[in-house]
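This is what each chain is made of:
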Amino acid sequence: MKAKNLNFSLKSELLAQKEIIVRVCAAIVGILLILPKYFIREESKELNEMKLDMKTRIIILFVIVFVQFPTTIFSNSYTFEKISPESGFVFGAINTITEDKNGFIWFGCDNGLYYYNTYKVEKYDLDSLQNGTKRSKVNKVYRDSSNVLWVCTDGGVCRFNSQTDSFDWIKFVGGPQKEGNLVVENFLQYKDSIYLLTSNNSLLKFNSNTHSLKTIPSFDQEISKKISFMDKSPGGTLLLGTADGMVFTAKSLNSPLEKFHISKPFPVQAVCIDGDKYYIGYEGNGVEVVNSSGKIVIQYKDDDSNGHLLPHNRVREIIKRNNGEIWIGTYKGILILDGEKSTIVRRDSYKGLPHNSIYTLYHNSDGSVWVGTWSGGLAYYSDYNYEFEHFKTIPNSRNDQSVISSFVEDKNNRIWVGCETLGISYFDIAQLDYNENPKLGALDQITRVKSLATSDGKVIWIGTFGQGLWQYNVSRRSLERIGNFNSLSDLLVSSINPQDNLLWLGTKGFGVYKYDTTTKKTTNYLLDSDKTIVNSPNRVWNTLTDTDGNLWVCTEGGIFTKEKGLDNFHRPAVVSASKLL
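Computed from a predicted structure; not experimentally measured. (Residues numbered from 1 in each chain as written. Predicted model: local features only at pLDDT ≥ 70, side-chain atom pairs only at ≥ 80, totals over all residues. Heavy atoms only, no water.)

Caption draft 1: Seen up close, the overall build of the protein chain. Each helix and strand in the protein chain was counted, giving five helices and 43 strands. Each of the 581 residues in the protein chain was classed as buried or not, and the buried ones make up 47%. Excluding contacts between residues fewer than 6 apart, the proportion of contacts in the protein chain whose partners are at least 24 apart in sequence is 43%. Counting every atom, the protein chain has about 30,500 Å² of accessible surface; 51% of that belongs to carbon and sulfur. (Helix = DSSP H or I, 4+ residues; strand = E, 2+ residues; numbered from the N terminus. Buried < 20%, exposed > 50% of the residue type's maximum accessible area, 1.4 Å probe, protein only. Contact = heavy atoms within 4.5 Å. Areas by Shrake-Rupley, 256 points an atom, 1.4 Å probe, with all protein chains shown as cover.)

This is the structure in structure tokens:
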């Protein structure tokens, strides 16, 4: 099922609206309880004092309710998973985060290199690779277009060697450095084997084939201050930010630098491109959003003087997620921009964030966000971090323990739910509504659903227990029973696997059926002639088509396979675990 970020946001807004309604109702009830006392007509001094006291209570009550409105209306349900232990990893900040080709998360700190393998965090000892030379501070971990991992430290650069499963330190040829004394702050692949790195206020060109390291004199003449930021635009234009608040662009390493934007003399820490807008984050000047001409269109500050509030003017990182959200990491929290809506995320109000001082943000291949903070705290955010909501098959019914057998999504983004005793219902994602009574005509005659499947979302195949196989056309809302199975009144269709114009059906006791949707022909494959034995291969749990088109069958009697193009099943040869690895 495809993730619908918009629907998660809508769900958060609905929950926020519910919270507002509850608070308003509480305020109204409180007012109604005290107003009658306030309007009693007695002229005693004690009553006047009571009236004044009631006025004070009413004012306080309204302040409590409405002061909390902004945080309710503009907040989102962002839930973080804390990866690091309570004491953190290090003394210092997480400076850099990236993901390798295997999905491991690598991050560099002031005292070394770490990786998270989805199970636990491990430290990688880089110092032992260089005869005891201490190069522990990691400034940048970078993954290039060939999925090679590079690590930049205060003592040079190392590259991951897939042959030895370890890192090799780079011995540079030429350049301004002394052996073992090259502090590398940033790293960027410019094209193929050409990389750019910043070191000691210089921009250097590195050839990974020859290991040659050269300065770029024309750039050095234009840039008078330290390069604090380096990246490429989607079109290949080089972006350089400096410590005196300037942003330069260059179409190539041979073309001259052009001044794109000049601000106050604060170091440029981050640049994020969103269409024709550039989000530029500074060390002490907040965020300036400029257009393609370099003109400021929006400013985000921590004083809220222009209505665009930032947690803090010291910005460290800005990223754009796959769903369009802009995340701005600052020294006192995160600002999340989602269209016209803004959300400030801090540790005290959002679960799992280990520290408010954000040092780095990274979004990996699935759009999830990794947050590196001061003192070694690492957190993870995904759209799937939301708490689960329990939907009963029939609300307010005693029979809410019925077994859900299967799910499938149709072309209208509705999740169809198969139930072993209550038939079919569906969940409308757009409306966030669970419909236990779809009112889809003849579907209500199907009560014992065991499996659901679809190949295009237009036709839903329904496997039942004792009621055969059915197909439902979503557009025409028509239901048809597949006639070939009428004679098998006790057939239990445990799995349905669409494959081109074929359906491979697993059954409990009758092996595998092949149904041709074009010719309407049915073929039965018994995986064992004796249907009465215990743990029979004819009792099928599931079927799978692999990327090569081969069919795999999981049964109570083991695994069977059918190669593409052949028409017989057999047990696959045993392959040792070492060969698989």
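On we go.
Caption draft 2: Region of interest: the sheet that holds strand β22 (residues 315–320). Overall, antiparallel pairing links the four strands, which are arranged β22-β23-β24-β25 in an open sheet. Single-partner strands in this sheet number two, and they are β22 and β25 (341–345). The sheet shows a mean angle of 15° between the axes of neighbouring strands, taken without regard to direction. Judged from the five bridges that link them, strand β24 (residues 333–338) and β25 form a sheet pairing that is antiparallel. Within β25, the position partnered with L337 by the bridge is S342. (Pairing = 2+ DSSP bridges. Axes fitted to C-alpha atoms, helices over the stretch in contact; angles between N-to-C directions.)

Caption draft 3: Highlighting the sheet that holds strand β5 (residues 121–124). Here four strands make up an open sheet; going across it, the order is β2-β3-β4-β5 and the pairing antiparallel. The strands lining the two open edges of the sheet, one partner per strand, are β2 (94–99) and β5. Strand-to-strand twist of the sheet, defined as the mean angle between neighbouring strand axes without regard to direction, takes the value 25°. One ladder, built from four bridges, connects strand β4 (residues 112–116) with β5; its direction is antiparallel. In the sheet register, Y114 faces β5, and the bridge partner there is K123.

Caption draft 4: Highlighting the pattern of salt bridges. A complete count under the given rule lists eight salt bridges for this structure. Here R314 ties to E283 by a salt bridge, and the two come within 2.9 Å at their closest N and O atoms. Of this pair, R314 sits in the loop between β21 (296–300) and β22 while E283 sits in the loop between β19 (277–282) and β20 (287–290), and the two are 31 residues apart along the sequence. Using a relative accessible area of 33% as the deciding quantity, one classes R314 as partly exposed. The structure contains a network of salt bridges with shared partners spanning R321, E325 and D383. (Salt bridge = Lys/Arg side-chain N within 4 Å of Asp/Glu carboxyl O.)

Caption draft 5: Inspection of the pairing of strand β6 (residues 138–143) at higher detail. Direction of pairing for β6 relative to strand β7 (residues 149–153): antiparallel, over a ladder of five bridges. The residue bridging Y142 from the neighbouring strand is W150, located in β7. Hairpin remark: β6 followed by β7, antiparallel, with five residues in the connecting loop; positive phi at N147, about 65°.

Caption draft 6: View of the packing of aromatic side chains. Per the stated rule, a full pass over the model turns up 25 aromatic pairs. Measuring from ring centre to ring centre gives 5.2 Å for F172 and F206, while their planes differ by 80°; the resulting arrangement is edge-to-face. Here F172, found in the loop between β9 (166–169) and β10 (186–191), pairs with F206, found in strand β12 (residues 202–207); they are 34 residues apart in sequence, far enough to count as distant. Across the pair, F206 and F172 agree in class, each one buried. Pairing W327 with Y381 gives two aromatic rings, centres 5.4 Å apart and planes at 40°, and the pair type is tilted. Of this pair, W327 sits in strand β23 (residues 326–330) while Y381 sits in strand β28 (residues 378–381); the two residues are 54 residues apart in sequence, bridging distant segments of the chain. Overall, W327 belongs to the buried group, its relative accessible area being 0%. Accessibility expressed as a relative area gives 1% for Y381, which makes it buried. (Phe/Tyr/Trp six-rings, centres within 6.5 Å; stacked < 30°, edge-to-face > 60°.)

Caption draft 7: The environment of I559, seen in detail. By secondary structure assignment, the location of I559 is in strand β43 (residues 558–562). Excluding residues that lie within four positions of it along the chain, I559 makes contacts with W552, V553, R571 and P572.

Caption draft 8: Structural view of a nonpolar patch on the surface. Residues L544, W552 and I559 make up a contiguous nonpolar surface patch of about 280 Å² in total accessible area. Mapped onto the secondary structure, W552 falls in strand β42 (residues 551–555). W552 sits in the partly exposed class, given a relative accessible area of 31%. (Patch = residues over 30% accessible without salt bridge, like charges linked within 9 Å, V, L, I, M, F, W, Y side chains within 5 Å.)

Caption draft 9: Structural view of the nonpolar core. Formed by 31 residues in total, the largest nonpolar core has its most connected members in F187, F206, F219, L238 and L240. Going through the elements one at a time, β7, β10, β11 (194–199), β12, β14 (227–232), β15 (238–242) and β16 (246–250) are the ones with two or more residues in this core. Once residues within four sequence positions are removed from consideration, L238 is found in contact with L188, L196, F219, M230, D231, K232, F248, T249, A250 and L253. Counting residues in each nonpolar core, the second largest holds 15 residues, with I319, W327, V345 and Y350 among its members. (Core = buried A, V, L, I, M, F, W, Y, C linked by side-chain atoms within 4.5 Å.)

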